[in-house]
Structure formats: structure tokens, C-alpha cells
Amino acid sequence: MAAVVSQDECESLLGRPIVSAMAMDGSEPIAGARRAARSFMTAVQAVHGLPVSDRAMSMVELVVSELVTNAYKYAPGPCLLELEVSDGVVEISVWDTAAQLPAVSPTDPSRIGQHGLEIAMAVCRSFEVRREPVGKRVKVTIGLADDPGGAPAGRLL
């Protein structure tokens, strides 16, 4: 028997966020988080019909990779990756068990590595870190589309 959905019920779904979550215990390859992010963004485009620029697709994968890498590297135990699309942006949230908040390393041209936080802050529209009852959560947003002039839709000034 087919379910019948009224027009009011369909319209009530419009404007709702599109959400995905992935719990990781720290043993999965970080590439799995990137694949999950790409799959989610592809579904946002293919299933939900929202435009996602190539830049946004790449930036989501990059930021997910950097944030999950930091969670694995600096926090013992599990982490949670959440992706939510609404109002033309994707919000990436990574929770981990470490209470210590991340900090950007001082500028050092000879430093190799430890640039993930700098990268995430540079390419995201917003960046937020907050302590949770257990651990911390890092939240960033990335615009889904580039502006009509072709410039990346990045940080708002």
C-alpha cells in the first residue's frame, strides 16, 4: 500500500535542514570521513536539488579531513562528525572527547604541519569552538554556491 502525502505535508518539509551524522571510534581511516562528506554533498545536489559548487565540494572534504584528523590526533576516544545543510550553507561539526580548545600555532615559515586549523579558519564562512559537558565541539560553515561574479562565497566581512 502506497503512502499518500498531502501537499501541506510536502510543503512542511521545505526549508528543513538536511542532516547526516557519523560516529567514529578513532580506528577508521580519515579517508572514510572525507568519503562520507562527499557522498552527503553529492546527495544534497542529486537528491535534494540544491546547487553545490565544485569549490564548496572540495572545501567540505578538506575541512572534514582537517577537523577529523585533529580529533584523532589530540583527543582520545570517539568523535562525531555532523553535516547539516540549510539556508545555503553546510555546517560541519566535529565533537571529540578532549576538553582542551584548539589554538592556531604562531606563524613560523619553517614549521612543517600543524596548519589544519589555519586552513579551516581561512576557507570557512564561520568558525566556532566550544566546550561541551564532555569534550568540545568545533563548528564551521561553508557556502554551497559561489557568487554570480564567480568569486568564492567565503567569509563574510
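Parameters at a glance
Residues numbered from 1 in each chain as written. Predicted model: local features only at pLDDT ≥ 70, side-chain atom pairs only at ≥ 80, totals over all residues. Heavy atoms only, no water. Helix = DSSP H or I, 4+ residues; strand = E, 2+ residues; numbered from the N terminus. Buried < 20%, exposed > 50% of the residue type's maximum accessible area, 1.4 Å probe, protein only. Salt bridge = Lys/Arg side-chain N within 4 Å of Asp/Glu carboxyl O. Contact = heavy atoms within 4.5 Å. Axes fitted to C-alpha atoms, helices over the stretch in contact; angles between N-to-C directions. Left-handed = near helix turned anticlockwise from the far one by under 90°. Nonpolar A, V, L, I, M, F, W, Y, C, P; charged D, E, K, R; others polar. Core = buried A, V, L, I, M, F, W, Y, C linked by side-chain atoms within 4.5 Å. Polar contact = N/O pair within 3.5 Å; in protein donor to acceptor, adjacent residues only side chain to side chain.

**Quick word on unusual backbone geometry**
At step 1: For Asp-87, which is not glycine, the phi torsion reads 50° and is therefore positive.
At step 2: Take Asp-87: it is sitting in the loop between strand E2 (79-86) and strand E3 (89-96).
At step 3: Its relative accessible area of 77% is what places Asp-87 among the exposed residues.

**Things to note about the pattern of salt bridges**
At step 1: Under the definition given, this model contains seven salt bridges.
At step 2: In this structure, the salt-bridge partner of Glu-61 is Arg-38, at a minimum N-O distance of 2.8 Å. Here Glu-61, found in helix H3 (residues 54-74), pairs with Arg-38, found in helix H2 (residues 30-46); they are 23 residues apart in sequence, far enough to count as distant.
At step 3: Among the residues examined, Glu-61 registers a relative accessible area of 18% and is labelled buried.

**Considering the environment of Lys-139**
At step 1: By the secondary structure assignment, Lys-139 is in strand E5 (residues 136-143).
At step 2: Counting along the chain gives 48 residues from Lys-139 to Glu-91, while the straight-line C-alpha distance between them is 6.7 Å.
At step 3: Not counting residues up to four positions away in its chain, the partners in contact with Lys-139 are Glu-91, Ile-92, Ser-93, Ser-126, Phe-127, Glu-128 and Arg-130.

**What about the packing of H3 against helix H4 (residues 116-123)?**
At step 1: The N-to-C vectors of H3 and H4 enclose an angle of 145°; their axes lie 9 Å apart at closest approach. Relative to H4, H3 is oriented so that their crossing is left-handed. Of the residues in H4, those in contact with Met-59, Leu-62, Val-63, Glu-66, Leu-67 and Asn-70 of H3 are Gly-116, Leu-117, Ile-119, Ala-120 and Val-123.
At step 2: Residue classes in the contact of H3 with H4 are distributed as eight nonpolar, two polar and one charged.

**Describing the nonpolar core**
At step 1: One finds Met-41, Val-64, Ile-92 and Ile-142 to be the most contacted residues of the largest nonpolar core, which totals 30 residues.
At step 2: Sorting the residues of this core by element identifies strand E1 (18-24), H2, H3, E2, E3 and E5 as the ones contributing at least two each.
At step 3: In contact with Met-41, other than residues within four places in its own chain, are Val-52, Met-57, Val-60, Val-85, Val-90 and Leu-144.

**Overview of the side chain of Thr-141**
At step 1: Of note, Thr-141 is situated in strand E5.
At step 2: A distance of 2.6 Å separates polar atoms of two side chains, one belonging to Thr-141 and the other to Ser-126.

**Brief notes about the environment of Lys-73**
At step 1: Take Lys-73: it is sitting in helix H3.
At step 2: Separated by 47 residues in sequence, Lys-73 and Gly-26 place their C-alpha atoms 9.1 Å apart.

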